Each structure stands twice: as C-alpha cells, then as structure tokens.
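Understanding the architecture of this molecule
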Amino acid sequence: MAAACVRTISKTGRLVYDKATCHPTKIPAFVIPLRNAERTYGTSRLDFGARLSSYALLRGGRVLGCAFIFGGGFGFGLYQTVKLTLQRHLAEKAKAPDLGTDLKLKLYQYKTCPFCSKVRVFLDYHGIPYETVEVNPVMRQEIKWSGYRKVPILMVNGTVQLNDSSVIISALMTYLMSKEKMIPQILACYPEMKAKNEHGKEVIEFGNKYWVMVNDHEYPEKDSRKEEIKWRKWVDDWLVHLISPNVYRTPGEALASFDYIVREGKFGRFEGFFAKYVGAAAMWIISKRLRNRHNLQEDVRQDLYKAVNDWMAAVGKKKFMGGDSPNLADLAVFGVLRVMEGLQAFNDMMENTKVKNWYRRMENVVHNHNHSE
C-alpha cells in the first residue's frame, strides 16, 4: 500500500489494432468474430464473394479462377461447393472460446496494494486463470520494460498491456459480456488522457474507465448500471484513501502493517528489515498528513466505520448490491477491504459496522471460483 502512493506516472505502451468509436451508452457492433489476433477470417466488411475471391488467391487460385471463368453448371457447382466449405470454415473460426482458455493473463502486482486486490478479486470471482508476478516495490525491476510504472499491470497473451485497476476490470467485463470484441479494440474505448491533479502535478487518466462497453439492456434493472458506476467511483475516490490512515494509525499498527507487507511482498533481507522499521515509522508520520489531506476525523476509525456503513445502507436488504450475485461495485469494495485482513483495523471494522455478513458472503463466492496460479 505504501509503495503505490509515491510512484510517478509515465506514458503507457498499449497495442491497439483498430481505432473504435465508443460511447458509454450506445456501443457500436464490431464485426470481429475472432478473438485470437493470429487470424482474421471473416473480419472484413467485404461481401462473401469478395472474401471467397481472397480465399481463392490463397488456396489454389488457379482452380477456383477457372470455375468462375467457365460459368455454367460445372463452374456454379464448384463455386457452391467451395462456398459452403468456406462458410463452414468461417463459422468454425468465428466461435469465440471462453475467456479462461483463449487469454493468457499475467498480473504484475504488490500483493498488499488495494488496487491490485480489486483486480485479483474480479479474476477470482469469474474463475479466470492468471499468473501473478510480485513486483519489488523498491527497484521494480519486474516492470522495467513498461513506461507505465504503477501497478497493477495486466499483460494479455504477452503482447497487450492493460493499466489501471478500473480499466482492467471494465475491459475484461466488456470482453466477457460482448463475446465479440478483441481486447485491443476494447481498450480503444478507454483513451489515455493527461490531466493535472489537485496539486498541479501532471497525471495520466483514462476515459470511460467505469463503463462496461455493452448496451443498457444487458443490465438486469434500469438503474443498476448507474449505481454500479457510482459506487465503483466511490471506492477509488474515497474508500481506498481510508486504508492507509487506518492501518498506520499508531506506531504499533504501522509496525504490524509493515510486518505483513514485508512478509507478503518481494523484498531482499536488508530491504525487508529497512522497510519494516523505517517504513513503518515513515508511514505513521505520513498517515497524519493523509488524514489532513482527506479531511478525516482525529479518530480515523470513525470515517472508516461511516464509509462501510454507508456502503451497507446502499446494499440494503439484498445479499449483494448486484442482487443475488455480486456486481462490479461489490467486487471493488471487497477487494479494497480485504487488504486489511489480519490487522487491527480490519478486526475493528468487523466488530463496529454492519459489514460482517456481506463480507463473509463475498468471501464464499470469490474463493469458490479461484483459479489463480
């Protein structure tokens, strides 16, 4: 958690094959039946005859060319035979495989980072296999190849890079729901933009990052999409900023937190010793500044309790905000809160808010689908 707060943002390297026009509420149909970028059969807007001619050039053009020239019964019969064969070929290629089989995912992370935890929760809940690479928060050699220097970073099939936890989740959810679009096309819907934060520092932001690029009718209720976006944004803008002030609230809590960070992270022996004691002292001091920056109460626990209870009020009497199953807001809240497990802040939250039953239900549904490597 601490390491992620002080990293600069560099320009991301992202592979986009086709420039797609995206709109949050009305998404155009992409005529791209294949998701594996190695082949593109049937992906153009040409009619069947044009595709057949192209196929002829690649697959014995002389024979098929003669069929077109001769015409008549023999030529037409041969044309129909080849046409039906090609149609079957295109139909077989157009079948989109399941996400877990056609994408190889590698997640670069800090295990204790709440943003990385959000992504893992999403992948685990949907039963999507993935490999994790723990990044050393000091040297960050594991991501030296990337212009984007924050985590999480998700690599798809070793070639396509997804940055920002909310973009990663929205893009993969679009992929799951659309069954048509390729990942590079989907990424074009989340443009990278330069902006300045409240301190005047230039940062990278991503447009539409809370939008799943499918039509409204894909959502079960009229306002469910609006609520999901509202609370996902709330997680990034508010809830995540309550974690550090609470887990580093006292010197003892800061030391316990860094003991957990060092134990779960990727540190050398000297780095771990230094991080545990010097880092704990530094973050205890920084947590006071964070409290002031975010206008938190002297007792930061009260802000955490209020935020969690506000979330539970929004969930209401339902099992999850998504109803009988979690939506993206449920997964995001759970992912952020989960990084406090084993710490005093987590125990206090469970005892002093209404979150316990919802949290245990989330634990069950997420862990039952876990396929991470």
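Described in the following lines is the structure provided in the data block. Predicted model only: the values in this text are computed from it and were never measured.

Here we come to the overall build of the protein chain. When helices and strands are tallied, the protein chain shows 15 helices and six strands. Summarising the internal contacts of the protein chain: among those between residues at least 6 apart in sequence, 68% fall at separations of at least 24. A total accessible area of about 19,000 Å² is found for the protein chain, and carbon and sulfur atoms account for 53% of it.

Moving on: the nonpolar core. Counting residues in each nonpolar core, the largest one holds 88 residues, and the members touching the most others are F122, I183, W311, L337, M340 and W358. Apart from the residues lying within four places of it in its own chain, the contact partners of W358 are W311, M312, V315, K319, F320, D330, V333, F334 and L337.

Between V151 and P152 the backbone carries a cis peptide bond, its omega angle lying at 5°. Within the secondary structure layout, P152 lies in the loop between β2 (131-134) and β3 (153-156). One non-glycine residue, D164, lies in positive phi territory at about 80°. Within the element layout of this structure, D164 appears in the loop between β4 (160-163) and α6 (165-178). Using a relative accessible area of 14% as the deciding quantity, one classes D164 as buried.

What follows deals with helix α15 (residues 356-367). For α15, spanning 12 residues, the distance from its first C-alpha to its last is 16 Å, which sits close to the expected 16 Å at 1.5 Å a residue. Among the residues of α15, those classed as buried are W358, Y359, M362, E363 and V366. The buried side chains of α15 occupy one side of the element, clustering within an arc of 140° when seen end-on.

Between the first and last C-alpha of helix α10 (residues 251-264) there are 20 Å, a value that for 14 residues agrees with the 20 Å anticipated at 1.5 Å per step. Next to the buried residues of α10 lie α9 (243-247), α11 (269-293), α12 (300-315) and α14 (344-352).

With that settled, consider the packing of α14 against α15. Where α14 contacts α15, the axes come no closer than 8 Å and their chain directions differ by 120°. Of the possible angle classes, the one that applies to α14 and α15 is oblique. Contacts between α14 and α15 involve F346, M350 and E351 from the first element and K356, Y359 and R360 from the second. Within the contact of α14 with α15, the residues separate by chemical class into three nonpolar, no polar and three charged.

Another point: the pairing of strand β1 (residues 105-109). The buried fraction of β1 is high, at four of five residues. In the sheet, β1 pairs with β3 via four bridges, with the strands oriented antiparallel. Opposite L105, over in β3, you have V156 as the bridge partner. In the sheet, β1 pairs with β2 via four bridges, with the strands oriented parallel. Counterpart to K106 in the pairing with β2 is E131. Note that the unit made of β1, helix α5 (residues 114-125) and β2 has a crossover that is right-handed.

Below, the discussion takes up the pattern of salt bridges. Taken as a whole and judged by the stated rule, the model has 14 salt bridges. Close ionic contact of D164 with K209 constitutes a salt bridge, the shortest N to O distance being 3.5 Å. Of the two residues, D164 sits in the loop between β4 and α6 while K209 sits in the loop between β6 (202-206) and α8 (224-237), which places them 45 residues apart along the sequence. With relative accessibility at 10%, the residue K209 sits in the buried group. Between D216 and R225 there is a salt bridge, and its shortest N-O distance comes to 2.5 Å. It is possible to trace a salt-bridge network through shared partners that takes in R249, E253, D299, R301 and D348.

Moving on: a nonpolar patch on the surface. A contiguous nonpolar patch, built from L255, F270, F273, F274, Y277 and V278 and spanning about 650 Å² of accessible area, is present on the exposed surface. Counting residues per element, the nonpolar patch draws most heavily on α11, which supplies five residues. Within the secondary structure, V278 sits in helix α11.

On to the environment of N208, then. Relative to the helices and strands, N208 resides in the loop between β6 and α8. The partly exposed category is assigned to N208, whose relative accessible area is 28%.

By the secondary structure assignment, R120 is in helix α5. Lacking a salt bridge, the buried R120 has D124 as its closest oppositely charged neighbour, with an N-O distance of 5.7 Å. Within the local environment of R120, its side chain forms a polar contact with the side chain of Q109, the two groups lying 2.6 Å apart. The contacts of R120, once residues within four sequence positions are left out, are L107, Q109, Y110, K111, Y130 and R338.

Parameters at a glance
Residues numbered from 1 in each chain as written. Predicted model: local features only at pLDDT ≥ 70, side-chain atom pairs only at ≥ 80, totals over all residues. Heavy atoms only, no water. Helix = DSSP H or I, 4+ residues; strand = E, 2+ residues; numbered from the N terminus. Contact = heavy atoms within 4.5 Å. Areas by Shrake-Rupley, 256 points an atom, 1.4 Å probe, with all protein chains shown as cover. Core = buried A, V, L, I, M, F, W, Y, C linked by side-chain atoms within 4.5 Å. Buried < 20%, exposed > 50% of the residue type's maximum accessible area, 1.4 Å probe, protein only. Expected span 1.5 Å × (residues − 1). Arc of directions from axis to C-beta. Axes fitted to C-alpha atoms, helices over the stretch in contact; angles between N-to-C directions. Parallel < 35°, antiparallel > 145°, perpendicular 65-115°, else oblique. Nonpolar A, V, L, I, M, F, W, Y, C, P; charged D, E, K, R; others polar. Pairing = 2+ DSSP bridges. Right-handed = clockwise from strand over helix to strand, strands pointing away. Salt bridge = Lys/Arg side-chain N within 4 Å of Asp/Glu carboxyl O. Patch = residues over 30% accessible without salt bridge, like charges linked within 9 Å, V, L, I, M, F, W, Y side chains within 5 Å. Lys, Arg positive; Asp, Glu negative; His and termini not counted. Polar contact = N/O pair within 3.5 Å; in protein donor to acceptor, adjacent residues only side chain to side chain.

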